[in-house]
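Below are the chains, spelled out letter by letter.
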Amino acid sequence: MASAETSYSKFKVILERIHDIIEEDGLRPGDRLPSERELSERLGAGRSSVREVLRSLELLGLISTRRGEGTYLEPYYAHHMVDLLARFILQDDKSKQGLLEMRELLELGAIRLAFSKRVEQEVASLEKLLAEMKAAVEQNANPSAHIEQFHKRIIQMADNYLLKRIWVPITKFIQAVVPEDWELDEACWRRLLPKYEQLIEALKERRQAQASLLLVEILDMIAYN
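Throughout this document, residue positions are counted from 1 along each chain, in the order its sequence is written. Totals for whole chains, interfaces and linings use every residue, but because this is a predicted model, local features are given only for residues with pLDDT of at least 70 and side-chain atom pairs only at 80 or more, for both listing and counting. Values reported for side chains reflect all heavy atoms of the structure, with hydrogen atoms and water molecules removed beforehand.

### A closer look at the packing of helix 2 (residues 36–43) against helix 3 (residues 47–59)
Rule in force here: To get an axis, a line is fitted to the C-alpha atoms, and for a helix only the part in contact is used. The angle between two axes follows their N-to-C directions and goes from 0 to 180 degrees. In this text, helices come from DSSP runs of H or I with a minimum length of four residues, and strands from runs of E with a minimum of two, each type numbered from the N-terminal end. Put simply, angles under 35 degrees are roughly parallel, angles over 145 are roughly antiparallel, angles from 65 to 115 are roughly perpendicular, and the rest are oblique. Two helices cross in a left-handed way if the nearer one is turned anticlockwise from the farther one by less than a right angle. They cross in a right-handed way if the turn is clockwise. Note on definitions: a residue-residue contact is assigned when non-hydrogen atoms from the two residues lie within 4.5 Å.
Close contact between helix 2 and helix 3 brings their axes to 9 Å; oriented N to C, the two are set at 115°. On the basis of their axis angle, the class for helix 2 and helix 3 is roughly perpendicular. The way helix 2 lies across helix 3 gives a crossing that is right-handed. Here Glu36, Arg37, Leu39, Ser40 and Leu43 of helix 2 lie close against helix 3, whose contacting residues are Arg47, Val50, Arg51 and Leu54.

Have a look at this one:
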């Protein structure tokens, strides 16, 4: 037992120090990690121990190894564990409802923060996405990808890095627990488009209360229709 505890303690220390190195070096998803040898030297740990931790991170999809190139950080929301965890722990109705409520709170918070900045200067990007939604509907295509980008843009308008870090996995979890064949019908998409137009106008005219109410209405239509 003592040996197992010692091994786990060593693993945990190396894992925490690799995280520290990522922070110290300012590494972001897509960036290359220091080599196994460099990590071993910086950590003062054996290469076999470092290799064990890196393999565990790779199994989780948090890093990836490219032959002949090195090891790279993966986006924290892109790895398969999002889908796996969602299917195991977020299948009950209470969890699904909690995810929807969390998304609504985050986007309402983003609206509030956006209004403390020059929100009207960001409207052009939303108008472009709305035009793409309309084009998709007219072509009898599903505009959900454009809609996701629209809501992502609202989050970005808040100019809060942590808010985006939380919002992205929440939306990924929602997508993971929604039935694969789920999609709104054309009539619902057409009812949604005027709401997005009204939301853009409210943002342009700095009517925060109306923008918030419209956002809630849009999210409810997406979630419950």
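The discussion continues.
### As for the packing of aromatic side chains
Where we set the bar: Note on aromatic pairs: the rings of Phe, Tyr and Trp (six-membered ring only in Trp) are paired at centre separations within 6.5 Å, and the planes decide the class, stacked below 30 degrees, edge-to-face beyond 60, tilted for the rest. With a 1.4 Å probe rolled over the protein chains alone, any residue whose accessible area is under 20% of its type maximum counts as buried; one over 50% counts as exposed, and the rest are partly exposed. Consider the ring centre and the ring normal. A charge sits over the ring if Lys NZ or Arg CZ is within 6 Å of that centre and within 35 degrees of that normal.
Tallied over the entire structure, the rule returns one aromatic pair. Pairing Phe150 with Tyr196 gives two aromatic rings, centres 4.8 Å apart and planes at 70°, and the pair type is edge-to-face. With Phe150 in helix 7 (residues 144–157) and Tyr196 in helix 9 (residues 186–204), this pair connects stretches of sequence that are 46 residues apart. There is no split in this pair, since Phe150 and Tyr196 are both buried. The ring of Tyr72 carries Arg66 above its face, with NZ or CZ at 3.9 Å from the centroid.

### A word on the environment of Leu215
Within the secondary structure, Leu215 sits in helix 10 (residues 208–224). On the accessibility criterion, Leu215 (0% relative accessible area) is buried. Beyond its immediate sequence surroundings of up to four residues, Leu215 is in contact with Glu107, Leu108, Ile111, His151 and Ile154.

### Considering the packing of helix 6 (residues 123–138) against helix 9
Quick reminder of the rule: Under this grouping Gly is polar, as are all residues other than the nonpolar Ala, Val, Leu, Ile, Met, Phe, Trp, Tyr, Cys and Pro and the charged Asp, Glu, Lys and Arg.
Two elements in contact, helix 6 and helix 9, have axes whose closest approach is 10 Å; the angle formed by their N-to-C orientations is 165°. Taken together, helix 6 and helix 9 sit at an angle that is classed as roughly antiparallel. Crossing of helix 6 against helix 9: the hand is left-handed. Judged by residue contacts, Val123, Leu126, Glu127, Leu130, Met133, Lys134, Val137 and Glu138 of helix 6 engage Glu186, Trp189, Arg190, Leu193, Tyr196, Glu197, Ile200, Leu203 and Lys204 from helix 9. Looking at the contact of helix 6 with helix 9 residue by residue, the class counts come to 10 nonpolar, no polar and seven charged.

### Digging into helix 6
Worth spelling out the cut-off: One less than the residue count of a helix, multiplied by 1.5 Å, gives the span that helix is expected to have. Throughout, the arc means that of the directions going from the helix axis to the C-beta atoms.
Given a rise of 1.5 Å per residue, 16 residues ought to cover 22 Å, and the 23 Å separating the end C-alpha atoms of helix 6 matches this to within 8%. Buried residues of helix 6: Val123, Leu126, Leu129, Leu130, Met133, Ala136 and Val137, and no others. Buried residues along helix 6 cover an arc of 135° about the axis, so they all sit on one side. The exposed residues of helix 6 that point more than 90 degrees off its buried face are Ala124, Lys128 and Glu138. Lining the buried residues of helix 6 we find helix 7 and helix 9. At the C-terminal side of helix 6, Asn140 shows a positive phi close to 60°.

### Looking at the nonpolar core
What counts is decided by this rule: We define the nonpolar core as a collection of buried residues of types Ala, Val, Leu, Ile, Met, Phe, Trp, Tyr and Cys that are connected through side-chain atoms lying within 4.5 Å of one another.
Within the largest apolar cluster, 40 residues are counted, with the highest numbers of intra-cluster contacts made by Phe150, Ile154, Tyr196, Leu199 and Leu203. Mapped onto this core, the elements with two or more residues apiece are helix 5 (93–115), helix 6, helix 7, helix 8 (161–177), helix 9 and helix 10. Ranked by residue count, the leading element in this core is helix 9, at eight residues. Beyond its immediate chain neighbours, meaning those up to four positions away, Tyr196 contacts Leu130, Met133, Ile147, Phe150, His151, Ile218 and Ile222. Ile18, Ile21, Leu43 and Ala45 belong to the second largest nonpolar core, which has 15 residues in total.

Such coordinate-based values are descriptive only and should not be taken to indicate function.
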